[in-house]
Amino acid sequence: MDTNIGSLDSCKPTSNDVCCPANGAVSTIQGSVSPTIINSSEATLGRHLARRLVQVGISDVFSVPGDFNLTLLDHLIAEPGLNLIGCCNELNAGYAADGYARSRGVGACVVTFTVGGLSVLNAIAGAYSENLPLICIVGGPNSNDYGTNRILHHTIGLPDFSQELRCFQTVTCYQAVVNNLEDAHEMIDTAISTALKESKPVYISISCNLPAIPHPTFAREPVPFSLSPKLSNKIGLEAAVEAAAEFLNKAVKPVLVGGPKLRVAKACEAFVELADASGYAVAVMPSGKGLVPEHHPHFIGTYWGAVSTAFCAEIVESADAYLFAGPIYNDYSSVGYSLLLKKEKAIIVQPDRVVIGNGPAFGCVLMKDFLRELAKRLKQNNTAYENYHRIFVPEGQPLKAAPKEPLRVNVLFQHIQKMLSSDSAVIAETGDSWFNCQKLKLPPGCGYEFQMQYGSIGWSVGATLGYAQAVPEKRVIACIGDGSFQVTAQDVSTMLRCGQKTVIFLINNGGYTIEVEIHDGPYNVIKNWNYTALVDAIHNGEGKCWTAKVFCEEELIEAIETATGAKKDCLCFIEVIVHKDDTSKELLEWGSRVSAANSRPPNPQ
């Protein structure tokens, strides 16, 4: 069965109710439209690419101009459904496309050959690690220069133009080098459809002399192409469900844990159906936060080994059976390989594979199909949740601050918690914000994003730009450390140009705190900036911007009241001054365990 992509319903940001922050929801497609002939001035490669981007739900493309992509940018600008957003550098353009894809289901960026491509590469690698469909478009050399043994600018000075392509081959699932018009239509369509099917980035290089040239293959609108949906093997699905049901139904206190690959499997709703039907206690892995509704009646928090939500790890690790849906076990998510889990107790459900205990394994079984069918076969068992409820003690409140006492991080996040609603979304930067934001309780509809697998500091500035552009109806709250902000600060400028109303909490503690807790040294101390003055300078009187520097709780309360009141239509930048050693207790524990894992001596040879 084929799914025609003509005009694609854009994917709205996911609510915590429905659960999937919508990466890759590309299956909702409108009926086919009778093709119409378009005039030759629009039957060009550049306009075809622009129309394709619009058809898959992209309305904003993040770019940095360079001489090899300028003509292509002209054609993207000419597309009525497309908005071109110029970023300050390629890295941030890639991060913005990443943030956009998390909300819309697919994102795109456009840079120039090699000098721009290698600059955006780190952001593309991050999107690859997080299973995000991202279309990276590069303006390439003139088609006449291929195979001529010429040396071009923006390259490393060799007559071989393949360096950029070879770099992208490891971080994209498809690469198209378009240097002739005859194959252009097919290559572009294959690249875009592969990004959507694989939920990974793709690379498209387009020779700089081709975007404006008409060609018969671009003369009809729309030119339909199709995605063949993945289907479960019915016999395998039935066998997997039967084996899993038998495994879980004989357990005394089973639990469910949601992981980050729920998103790429488009299985968030199916996971909730299973939770509703089974009555099991429900937790999430840290990188799965935001994919499972936290107001679910059996939700018990984040399972993160020794740094889990209070009472959550005890329930998960003492269970006699646990189903993990879409987990990623790495040294960070396992807290230095210290999770107290046993393989023989686990059902591991990946996007297209199920493994039960030490075996058997079932391939060609889609996660959402498996979870939905399993929900019909499980007996209600709320023992684990009752055990959790029995031992649960409500969290204490931070110590009350004395008047004008220097602000503590736990007090800051107590006030950020009060800001959250269905109309907001949280972006958490790599660092202690991982741990502090993890403890926020997300109300229904509140978005949540962070980059745990790749963990690139500075990601959040560009991602905030892209996410906020994709969902202007939500107010994004970004929690960013000072060290991370120094990497990518420039694109606050682009947020202002786009009229965004984000609230940025810049947590100024004088260094790379997460690195300090793993391994300290003088390299973790950074030059302090006057961050509010910097943002005021970037603002420069153009756009709506408001800044504040706070040192104590009273000033924080006043700043939040202003940001959510008189300045609610502005980009609000609140610099929060805290002590360099003021960290979450979870970071202290986590850092010690990760440090121990990093410093293991070599095995004897």
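What you see is a predicted model, and the numbers here were worked out from it, not measured in a lab.

A. Geometry of the layout of surface pockets. Taken as a whole, the largest pocket holds about 1,300 Å³ of empty space. Around the largest pocket, the lining comprises 45 residues; the ones closest to its centre are Thr 309, Glu 395, Lys 439, Leu 440 and Lys 441. When residues of the lining of the largest pocket are traced back to their parent elements, those giving at least two are β13 (299-302), α9 (312-318), α12 (409-419), α13 (432-438) and α20 (585-598). Counting residues per element, the lining of the largest pocket draws most heavily on α12, which supplies 5 residues. Of the residues that constitute the lining of the largest pocket, the class distribution is 20 nonpolar, 15 polar and 10 charged.

B. The sheet that holds β13, seen in detail. Pairing in this open sheet of 7 strands is mixed, and the strands run β13-β12-β11-β14-β15-β16-β17 from one edge to the other. Strands with a single pairing partner mark the edges of an open sheet, and in this sheet they are β13 and β17 (361-363). Mean inter-strand twist for the sheet, computed between neighbouring axes without regard to direction, equals 15 degrees. Two strands pair when backbone bridges link them, and strand β16 (residues 353-356) and β17 are joined in this way by 3 bridges, in the antiparallel orientation. The residue of β17 that forms the bridge with Val 354 is Phe 362. With respect to the sheet, helix α10 (residues 367-375) is in contact with β14 (322-325), β15 (346-350) and β16, its orientation differing from that of β14 by roughly 145 degrees.

C. Inspection of the environment of Pro 327 at higher detail. By secondary structure assignment, the location of Pro 327 is in the loop between β14 and β15. C-alpha separation for the pair Pro 327 and Met 495, spaced 168 residues apart in sequence, amounts to 33 Å. In contact with Pro 327, other than residues within four places in its own chain, are Gly 259, Pro 260, Lys 261, Met 285, Ile 348, Val 349 and Gln 350.

D. Fine view of the sheet that holds strand β8 (residues 202-207). Taken together, 6 strands build an open sheet; the order of strands is β4-β3-β5-β6-β8-β7 and the sheet is parallel. At either margin of the open sheet sits one strand with a lone partner, and together these are β4 (83-86) and β7 (175-178). Here the strands of the sheet are splayed against their neighbours by 20 degrees on average, with no regard to which way each runs. The pairing of strand β3 (residues 60-63) with strand β5 (residues 107-112) spans 2 bridges and is parallel. Of the residues in β5, the one forming a bridge with Phe 62 is Cys 109. Against the sheet, helix α1 (residues 45-55) makes contact with β3, β5, β6 (134-140), β7 and β8, and its axis sits at roughly 170 degrees relative to β6, the strand it touches most.

E. Focus on the pairing of strand β11 (residues 255-258). Burial of the side chains of β11 extends over both faces: Val 255 and Val 257 are buried on one face and Leu 256 and Gly 258 on the other. By the bridge criterion, 4 bridges tie β11 to strand β12 (residues 281-284) in an arrangement that is parallel. Across the sheet, Leu 256 pairs through a bridge with Val 282, a residue of β12. The parallel pair β11 and β12, bridged by helix α8 (residues 268-278), forms a crossover whose chirality is right-handed. Two strands pair when backbone bridges link them, and β11 and β14 are joined in this way by 4 bridges, in the parallel orientation. Of the residues in β14, the one forming a bridge with Leu 256 is Leu 323.

F. The arrangement of the UniProt feature "domain: Thiamine pyrophosphate enzyme central" (unreviewed entry) in the protein chain in detail. Here the UniProt feature "domain: Thiamine pyrophosphate enzyme central" (unreviewed entry) sits at residues 241-359. Helix makes up 23% of residues 241-359 and strand 21%, with an end-to-end C-alpha separation of 14 Å.

G. Inspection of the packing of α8 against α10 at higher detail. Viewed as axis vectors pointing N to C, α8 and α10 meet at an angle of 20 degrees, and their least axial separation amounts to 8 Å. When the axis of α8 is compared with that of α10, the two are roughly parallel. As α8 packs across α10, the resulting crossing turns out to be left-handed. Across from Glu 269, Ala 270, Phe 271, Glu 273, Leu 274 and Ala 277 in α8, the residues of α10 making contact are Lys 368, Leu 371, Arg 372, Leu 374 and Ala 375. Residue classes in the contact of α8 with α10 are distributed as 7 nonpolar, no polar and 4 charged.

H. Inspection of the nonpolar core at higher detail. By size, the foremost hydrophobic cluster in this structure holds 135 residues, and its most contacted members are Leu 53, Ile 58, Ile 135, Phe 485, Phe 505 and Trp 590. Among all residues touching Ile 135, those that are not within four sequence positions of it are Leu 53, Ile 58, Val 106, Gly 107, Ala 108, Cys 109, Ile 192, Ala 195, Val 202 and Ile 204. Leu 262, Ala 270, Ile 347 and Leu 374 belong to the second-largest nonpolar core, a separate cluster that totals 38 residues.

I. Examining the packing of aromatic side chains more closely. Here the structure, examined in full by the defined rule, presents 20 aromatic pairs. Note on Phe 62 and Tyr 100: the rings are 5.7 Å apart at their centroids and 70 degrees apart in plane angle, and the pair reads as edge-to-face. With Phe 62 in strand β3 and Tyr 100 in helix α3 (residues 90-104), the pair connects residues that are 38 residues apart, well separated along the chain. By the burial criterion, Phe 62 is buried, and Tyr 100 matches it.

J. Expanded view of the pattern of salt bridges. Applying the stated criterion across every chain yields a total of 20 salt bridges. For Arg 166, the salt bridge is made with Asp 160, and the minimal N-O distance between the two is 3.7 Å. Looking at Asp 160, the relative accessible area reads 42%, which means it is partly exposed. Here Glu 449 and Arg 263 are joined by a salt bridge, their closest N and O atoms 2.7 Å apart. Placement of Glu 449 in strand β19 (residues 447-450) and of Arg 263 in the loop between β11 and α8 is noted, with a sequence separation of 186 residues between them. Exposure remark for Glu 449: the relative accessible area of 2% places this residue in the buried category. Salt bridges here are not isolated pairs; linked through shared partners, they connect Asp 98, Arg 102, Glu 130, Arg 263 and Glu 449.

The rules behind each value
- Residues numbered from 1 in each chain as written.
- Predicted model: local features only at pLDDT ≥ 70, side-chain atom pairs only at ≥ 80, totals over all residues.
- Heavy atoms only, no water.
- 1 Å grid on protein atoms, 1.4 Å probe; cavity = no way out; pocket = protein on both sides within 12 Å on 5 of 7 lines; lining within 4 Å.
- Points joined across faces, edges and corners; volume = space filled by probe spheres on them.
- Helix = DSSP H or I, 4+ residues; strand = E, 2+ residues; numbered from the N terminus.
- Nonpolar A, V, L, I, M, F, W, Y, C, P; charged D, E, K, R; others polar.
- Pairing = 2+ DSSP bridges.
- Axes fitted to C-alpha atoms, helices over the stretch in contact; angles between N-to-C directions.
- Contact = heavy atoms within 4.5 Å.
- Buried < 20%, exposed > 50% of the residue type's maximum accessible area, 1.4 Å probe, protein only.
- Right-handed = clockwise from strand over helix to strand, strands pointing away.
- UniProt positions renumbered as here; feature names shortened; annotations may be inferred.
- Parallel < 35°, antiparallel > 145°, perpendicular 65-115°, else oblique.
- Left-handed = near helix turned anticlockwise from the far one by under 90°.
- Core = buried A, V, L, I, M, F, W, Y, C linked by side-chain atoms within 4.5 Å.
- Phe/Tyr/Trp six-rings, centres within 6.5 Å; stacked < 30°, edge-to-face > 60°.
- Salt bridge = Lys/Arg side-chain N within 4 Å of Asp/Glu carboxyl O.

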